[in-house]
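# A structural walkthrough
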Amino acid sequence: MKPPSIERLIQRLNPEQRDAVLHGEGPLLVLAGAGTGKTRVVTVRIARLLADGISAKSILALTFTNKAAREMKERVTGIVGKKAARPLTISTFHSFAVRLLRAEGEAIGLSPQFTIADDEDRLLLVRSAMRDMGISEKMLPPRKALWIISDFKNEGKSPSEALESAVDEEQDLSARAYEVLARDMLKCHVVDFDDMILLTLRLLRDHADVADRVRDRFRYLLVDEYQDTNGSQYEVLRRLSGGRRNLCVVGDDDQSIYGWRGARSGNIIQFPRHYPGAKVVTLVRNYRSTEKILACANALIRNNIGRADKELRSMTGRGDDVFVYEAEDEREEILHVCTGLLHRQREGAKWDDLAVLFRANTQAAPFEAAFRERKIPYRLLGTRSLFDRRECRDLLAFIKLAVNPRDDGALLRILNTPPRGIGKGTRDALLERAAVLRVPLLEALRSGDLGDDVPARGVDALEAFGREVARFEETLRAQGLAQALGDLIHRTGYLSYIDADAKDAMEAQSRRGAVDDVLGLAARFDERHGGEEVAKAFLESLALDAQDRDEDEGFGVSLMTVHAAKGLEFDHVFIVGAEEGLIPHRNSLEGDDGLDTIDEERRLFYVAITRAKKTLTITRAMHRRRWGRDEERERSRFLEEIGDFVEWDNALAQGPADEDSTQSFLDRLKGLIGEES
């Protein structure tokens, strides 16, 4: 007998949602179109399992962002209460993988104290691997090698499997670099985001005792955004579900927009084939957007091939027309958007209810300039994280080295930062000595045996650096993370180094502010965690939160890429730059992937459209200034596909935009936009 509150919740669901929530044992696929209440289905299903007597400890729910995991946990807690929800495991794939690897990773030679490499760390490591293999950066740019190696890992391939499957010279060279990279990273006990999943797969595949323990613990699996899973994640889920096959996956193939980072939309389409006998429930009742907005979305997405057949139906009414505005140039496009935003705000909309979506990051700057000119408050989402900044990386490297003394990449980053008289010759001698002794760099440095090739001045500098690391470790243990960082900054003169290195006072102030932000965050972690684990918790949190950067920060109109907007909704949406070369992006038009890539671009435009709740305006410029010349722009093919369901407008038919002088605003914009698009 379920509690009355659970029964009432289930009765409030529509028939399709109820069918998914009440499904019993065995595989379940919920094809949930945009705005159809998938999060509600997942959370009520978890509550129903608990009400039926399933232990909370045996339920594992996985998603892709920390924000989604928090929201899911909060919603379940709101239904069943804190005590019942506390033992649930609701997390991202990567958070789950990190916990499993820390607990069981020694079975594959990984220390529980492993550290997580960021993008810059990975670049340094792959460059080192390429040098070891004699691979010239002219033959294979290191960033290209990283992309290819990432693809190998996302498909679950070991270095030998990658080499065997290589189809061209770039893949062959990358596979050879991958072999050295994997060896070096394991030696240093460093993992990257791709490794978290790949090593989890290896652990479950090669160690039956570990796999059995995990399967015995988690008997019910739920996966959100299943269309975003890659090959490695698919294999991990197959091994976690095991013979019981109590796997419920929720997602929408029409919103699969991460193929460029390894996601396989086929995973969700082929789920019934991968799990014979699976129940399939399709949700198409949309509680977000109006009929006219969904008419555009449906007309667009039906042009894709190989998709699940579904058409969204609005539960909110007919709504306003969807407008397409064709501006003479980018200045008029920006003016039209600014005017529209101001108009909506005067009609009573809150700034936070408005969004401007674009395909490429380069489109943001002119809108930022115009918003500042018009005093339109805005927040730019999906941009550079605080912890992408080099001063933050420097401080994090000290923490990484304290947590994992084998992290050679962290040591090399700070060996002469700030400058302490350790030149390339001294560094290379240290590298050679560590190789001879077959020990990590820090151990070689502390051995007191640096060989005869290091001049006395270099030896003194290395020993001083070793003492600096030791003092940091000692302060960290005794007084906490914030104090250790503060003392380090003071002792090394790091702020003076920033002042000298910055190109001007404004940059120096910005970089000093970033250091203050790190110190403030460290202080908060000291309060929450304390003890010896604070540094590890700090690093882990920063690494795992990096994918959720800039969420819910600031106030005003949301200015963001369509990728960053996925999962969000706004009353009033403006999609800008609907032109061939922007959306679909020129990379998709020039690539070798053909229809698959165009289909993903179409799905991206579909995601943009379905963010809108009440009104949708799509704009494009007929001419853009690019590389100093006026360039004629072609209307996006996606506009042609929705053409019967929109109202067309253009600059020539427009009267004055608002009470300000249109021409004077355009004149001011000329100086703000610059020459390039």
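Residues numbered from 1 in each chain as written. Predicted model: local features only at pLDDT ≥ 70, side-chain atom pairs only at ≥ 80, totals over all residues. Heavy atoms only, no water.

## Some points on the sheet that holds strand S6 (residues 220-223)
Consider a sheet: its strands pair through backbone hydrogen bonds, and that pairing is either parallel or antiparallel. In spatial order, the strands read S3-S2-S6-S7-S1-S8; together these six strands make up an open sheet with parallel pairing. Every other strand in the sheet has two partners, leaving strand S3 (89-92) and strand S8 (279-283) as the edge strands with one partner each. Across the sheet, the mean angle separating the axes of adjacent strands is 15 degrees when strand polarity is ignored. When strand S1 (residues 28-32) meets strand S7 (residues 247-251), the two strands line up parallel, connected through four bridges. What sits directly across from Val30, in S7, is Val250. On the sheet, helix H2 (residues 15-22) packs against S1 and S8 and is oriented at approximately 150 degrees with respect to S8. Its contacts with the sheet put helix H13 (residues 231-241) on strand S2 (59-63), S6 and S7, and the angle it makes with S6 is roughly 160 degrees. (Pairing = 2+ DSSP bridges. Helix = DSSP H or I, 4+ residues; strand = E, 2+ residues; numbered from the N terminus. Axes fitted to C-alpha atoms, helices over the stretch in contact; angles between N-to-C directions. Contact = heavy atoms within 4.5 Å.)

## Focus: the pairing of strand S12 (residues 354-358)
Judged by how many residues are buried, S12 sits mostly within the fold: five of five residues are covered. The two faces of S12 match: Leu354, Val356 and Phe358 on one face and Ala355 and Leu357 on the other face are all buried. Inspection of the sheet shows S12 paired to strand S15 (residues 570-575) by four bridges, in the parallel sense. Of the residues in S15, the one forming a bridge with Leu357 is Ile575. (Buried < 20%, exposed > 50% of the residue type's maximum accessible area, 1.4 Å probe, protein only.)

## Observations regarding the pattern of salt bridges
The full count for this structure, using the stated rule, is 69 salt bridges. Arg637 is the salt-bridge partner of Glu580, the closest N and O atoms lying 2.7 Å from each other. One end of the pair, Glu580, is in the loop between S15 and helix H29 (586-590); the other, Arg637, is in helix H31 (residues 637-641), and 57 residues separate them in sequence. The class for Glu580 is buried, based on a relative accessible area of 14%. According to the relative accessible area criterion, Arg637 is partly exposed, its value standing at 31%. (Salt bridge = Lys/Arg side-chain N within 4 Å of Asp/Glu carboxyl O.)

## Focus: the packing of helix H19 (residues 390-403) against helix H27 (residues 534-545)
At their nearest, the axes of H19 and H27 sit 9 Å apart, and the two run at 125 degrees to each other. Considering their axes alone, H19 and H27 lie oblique with respect to each other. In terms of crossing hand, the pair formed by H19 and H27 is left-handed. Side by side, H19 and H27 meet where Leu396, Ile399, Lys400 and Val403 of the first sit next to Ala535, Lys536, Phe538, Leu539 and Leu542 of the second. A per-class count over the contact of H19 with H27 returns seven nonpolar, no polar and two charged. (Parallel < 35°, antiparallel > 145°, perpendicular 65-115°, else oblique. Left-handed = near helix turned anticlockwise from the far one by under 90°. Nonpolar A, V, L, I, M, F, W, Y, C, P; charged D, E, K, R; others polar.)

## Thoughts on unusual backbone geometry
Residue Thr417 is joined to Pro418 through a cis peptide bond whose omega torsion reads -5 degrees. Relative to the helices and strands, Pro418 is located in the loop between helix H20 (408-414) and helix H21 (424-437). Here the residue pair Ile583 and Pro584 is connected by a cis peptide bond, since its omega of 5 degrees sits within 30 degrees of zero. A positive phi angle, close to 55 degrees, is found at His189, a residue other than glycine. When its relative accessible area of 11% is taken as the criterion, His189 is described as buried. For Arg438, which is not glycine, the phi dihedral falls at a positive 60 degrees. For Arg438, the location among the structural elements is in the loop between H21 and helix H22 (441-446).

## Regarding the domain arrangement of the protein chain
Along its sequence, the protein chain is carved into domain 1 (6-104 + 199-281), domain 2 (115-188), domain 3 (294-382 + 553-648) and domain 4 (387-546). Taken over C-alpha atoms, the centre of domain 1 sits 31 Å from the centre of domain 3. Buried area between domain 1 and domain 3, both sides added, is near 1,400 Å², and the carbon and sulfur share of it is 54%. Put simply, domain 1 and domain 3 have six salt bridges between them. The salt bridge involving Lys310 is made with Asp254; its shortest N-O contact spans 3.2 Å. Scanning the region where domain 1 abuts domain 3 turns up 13 residue pairs in polar contact (both at pLDDT 80 or more). In terms of residue class, the side of domain 1 that touches domain 3 is built from six nonpolar, seven polar and six charged. (Domains from an automatic or database assignment. Buried area = accessible area lost by both parts, 1.4 Å probe. Polar contact = N/O pair within 3.5 Å; in protein donor to acceptor, adjacent residues only side chain to side chain.)

## A look at the pairing of S7
Remember that side chains alternate between the two faces of the sheet whenever the strand is regular. Summarising burial for S7: five of the five residues are buried, a large majority. Both faces of S7 are covered, namely the face carrying Leu247, Val249 and Gly251 and the face carrying Cys248 and Val250. Two elements, S6 and S7, share three bridges in a ladder whose sense is parallel. Looking at S7, one finds that Leu222 is bridged to Cys248.

## Brief notes about the packing of aromatic side chains
Following the criterion strictly, the structure yields 14 aromatic pairs and no others. Ring geometry for Tyr494 versus Tyr497: centroids 5.5 Å apart, planes at 50 degrees, classification tilted. Here Tyr497 and Tyr494 lie together in helix H25 (residues 494-501), a separation of three residues that amounts to about one turn. When the ring of Phe525 is compared with that of Phe538, the centres are 5.2 Å apart and the planes differ by 90 degrees; the resulting orientation is edge-to-face. Of this pair, Phe525 sits in helix H26 (residues 505-528) while Phe538 sits in helix H27; the two residues are 13 residues apart in sequence, bridging distant segments of the chain. Of the two residues, Phe525 and Phe538, neither departs from the other in class, the shared state being buried. The structure contains a cluster of three or more aromatic residues connected by ring pairs, namely Trp147, Tyr258 and Trp260. The ring of Tyr258 carries Arg261 above its face, with NZ or CZ at 3.9 Å from the centroid. (Phe/Tyr/Trp six-rings, centres within 6.5 Å; stacked < 30°, edge-to-face > 60°. Lys NZ or Arg CZ within 6 Å of the ring centre and 35° of its normal.)

## A few points about the environment of Met622
In this structure, Met622 sits in strand S16 (residues 612-626). With 295 residues separating them in the primary sequence, Met622 and Ala327 have C-alpha atoms 6.1 Å apart. In this structure, Met622 is in contact with Glu326, Ala327, Glu328, Glu631, Glu632 and Arg633, ignoring residues within four places of it in sequence.

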